[in-house]
Amino acid sequence: TDLLALSPEVDPRTNPRNRCIHIGYQSVGLFPVRSGSEIIGLLQLNGRQEGRFNPEILRFSESLADNIGLALKRMLAEEQLNRLADELKRSNRELEEFAQITSHDLREPLRAISGFIDLLDQRHKDKWDEKDKRFVKFAAKGGKQIEELLNGLLEYSRVSTQGRRAMLLPAGLALKEAIKNLQKPIDETGASITFDELPDVNADGMQLTRVFQSLIDNAIKFRDKEKPQIHVGCQKGGPVCPPEADTQG
């Protein structure tokens with residue numbers, strides 16, 4: 001009775017709210033698009049004839065919706081991975097810039113402090129007692145430690161941001177460049193560095209130089225009272241340290 005009393009404009013039988021019915025579709029299929037247990041979309045298939053969705057088409061449509069869900073999930077994962085890669089590049093770039101600026105801004109006043117300490121030591125060391133000399137020694141040592149920390153910060157930023165494609169290059173050139181970079185501590189300690197003829201290797205030249213530089217620098221730092229005697233050699237295959245090698249050398 002209530003339906004019969006409605007005017008045609010509001011009667012749902014003559015003016016249905018469903019758009020598909022207005023257009024004239026007789027068959028409508030809705031298939032959830034899932035990502036795991038989460039519904040992330042909806043696949044809608046429409047037909048103008050009744051009974052278009054038989055069991056075979058239903059199974060196919062459900063499989064299609066599942067494949068769409070997998071494709072969307074993969075696409076979203078790739079977008080997130082690309083976004084994280086971009087953020088990592090930006091972070092590495094900012095790290096390198098920060099390290100360069102910090103190293104540059106702090107190195108100059110540090111050199112000035114170390115220079116004045118050396119001048120004071122040269123001018124007045126004959127007038128100082130043992131305690132004064134010890135204080136100056138501590139100050140000079142602290143300055144060197146700060147410089148080493150700055151160098152380490154700069155090296156770390158370069159290693160993590162400037163990795164380049166490996167290519168065939170002479171390892172001897174990388175070693176010579178490392179020795180050149182360490183000329184000051186080599187001269188100060190009277191270190192003797194010898195090396196064999198090194199082969200061509202497949203590597204990043206810049207980082208190979210840093211490897212040699214770190215090894216030689218550590219050999220100079222962690223030494224006994226004798227002048228450092230450092231030799232760089234190589235061998236093809238076999239163990240890194242043969243049993244007869246002197247691992248303490």
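Residues numbered from 1 in each chain as written. Predicted model: local features only at pLDDT ≥ 70, side-chain atom pairs only at ≥ 80, totals over all residues. Heavy atoms only, no water.

### What about the overall build of the chain?
The line we're drawing: To qualify as a helix, a DSSP run of H or I must reach at least 4 residues; to qualify as a strand, a run of E must reach at least 2; elements of each kind are numbered from the N terminus. Using a 1.4 Å probe on the protein chains alone, a residue whose accessible area is under 20% of its type maximum counts as buried, one over 50% counts as exposed, and one in between counts as partly exposed. Here, residues are in contact when the closest pair of their heavy atoms is within 4.5 Å.
Within the chain, the regular secondary structure consists of seven helices and six strands. Secondary structure of the chain in N-to-C order comes out as α-α-β-β-α-α-β-α-α-β-β-α-β. When each of the 249 residues of the chain is scored for burial, the buried share is 21%. Sequence separation of at least 24 residues holds for 64% of the intrachain contacts in the chain that already meet a minimum separation of 6.

### Comments concerning the pattern of salt bridges
Let me state the cut-off plainly: Just to be clear on terms, a salt bridge is a Lys or Arg side-chain nitrogen sitting within 4 Å of an Asp or Glu carboxyl oxygen.
As enumerated under the stated definition, the model contains one salt bridge in all. Lys221 serves as the salt-bridge partner of Asp217, at 3.2 Å between the closest nitrogen and oxygen. Residue Asp217 and its partner Lys221 are located together in helix H7 (residues 205-221), separated by four residues, close to a single helical turn.

### A short note on the confidence of the model for the chain
Applied cut-off: Predictor confidence is given residue by residue as pLDDT, running from a minimum of 0 to a maximum of 100.
Summary statistics for the chain give a mean pLDDT of 81 and a share of 87% for residues scoring 70 or more. Note that residues 242-249 has pLDDT below 50 and, in this model, two contacts with residues that lie over four places away or in other chains.

### Digging into the packing of helix H5 (residues 171-181) against H7
This is how it is decided: To get an axis, fit a line to the C-alpha atoms, keeping to the stretch in contact for a helix; angles then go from 0 to 180 degrees between the N-to-C directions. In these notes the angle categories are as follows: under 35 degrees is roughly parallel, over 145 is roughly antiparallel, 65 to 115 is roughly perpendicular, and the rest is oblique. Each crossing gets its handedness from the near helix: less than a right angle anticlockwise from the far helix is left-handed, clockwise is right-handed. Each residue is assigned to one class: nonpolar for Ala, Val, Leu, Ile, Met, Phe, Trp, Tyr, Cys and Pro, charged for Asp, Glu, Lys and Arg, and polar for all the others, Gly among them.
The interhelical angle for the contact between H5 and H7, taken along N-to-C directions, is 55 degrees, at an axis separation of 8 Å. Taken together, H5 and H7 sit at an angle that is classed as oblique. By crossing handedness, the relation of H5 to H7 is classed as right-handed. Side by side, H5 and H7 meet where Ala171, Ala174, Leu175, Glu177, Ala178, Ile179 and Asn181 of the first sit next to Gly205, Leu208, Thr209, Phe212, Gln213 and Ile216 of the second. In terms of residue class, the contact of H5 with H7 is made up of eight nonpolar, four polar and one charged.

### A word on the nonpolar core
Across soluble globular proteins, nonpolar side chains have a tendency to be buried as a group. Quick note on the threshold: The criterion is simple. A nonpolar core is a set of buried Ala, Val, Leu, Ile, Met, Phe, Trp, Tyr and Cys residues joined through side-chain atoms within 4.5 Å.
Counting residues in each nonpolar core, the largest one holds 18 residues, and the members touching the most others are Leu175, Ile186, Leu208, Phe212 and Ile216. Those elements that place two or more of their residues in this core are H5, H7 and strand S6 (229-232). For this core, the element with the highest residue contribution is H5, accounting for five residues. Not counting chain neighbours up to four residues away, the residues in contact with Ile216 comprise Leu175, Ile179, Leu182, Ile193 and Ile230.

### Overview of a nonpolar patch on the surface
Put simply, the test is: Surface patches are defined over residues having more than 30% relative accessible area and no salt bridge, joining like charges when they lie within 9 Å and nonpolar side chains (Val, Leu, Ile, Met, Phe, Trp, Tyr) when within 5 Å. Using a 1.4 Å probe, accessible areas were evaluated by the Shrake-Rupley method; residue-level cover was limited to the displayed protein chains.
Together, Ile40, Phe60, Leu64, Ile68, Leu72, Met75 and Leu76 make up an exposed nonpolar region whose accessible area comes to about 570 Å². The leading source of residues in the nonpolar patch is helix H3 (residues 55-124), at six residues. Following the sequence through the fold, Ile68 ends up in helix H3. Residue Ile68 is classed as partly exposed on the basis of its relative accessible area, which comes to 31%.

### Thoughts on the side chain of Ser61
Relative to the helices and strands, Ser61 resides in helix H3. With residues near it in sequence (within four places) discarded, Ser61 still touches Phe31, Leu43 and Leu45.

### Thoughts on H5
Note the following rule: In this description, one arc is meant: the one made by directions from the helix axis to the C-beta atoms.
All buried positions along H5 are accounted for by Ala171, Gly172, Ala174, Leu175, Ala178 and Ile179. All buried residues of H5 project into a common sector of 160 degrees when viewed along the axis, lining one side. Turned more than 90 degrees away from the buried face of H5, the exposed residues are Leu173 and Lys180. Buried positions along H5 lie against strand S3 (167-170), helix H6 (183-189), strand S4 (192-195), strand S5 (200-203), H7 and S6.

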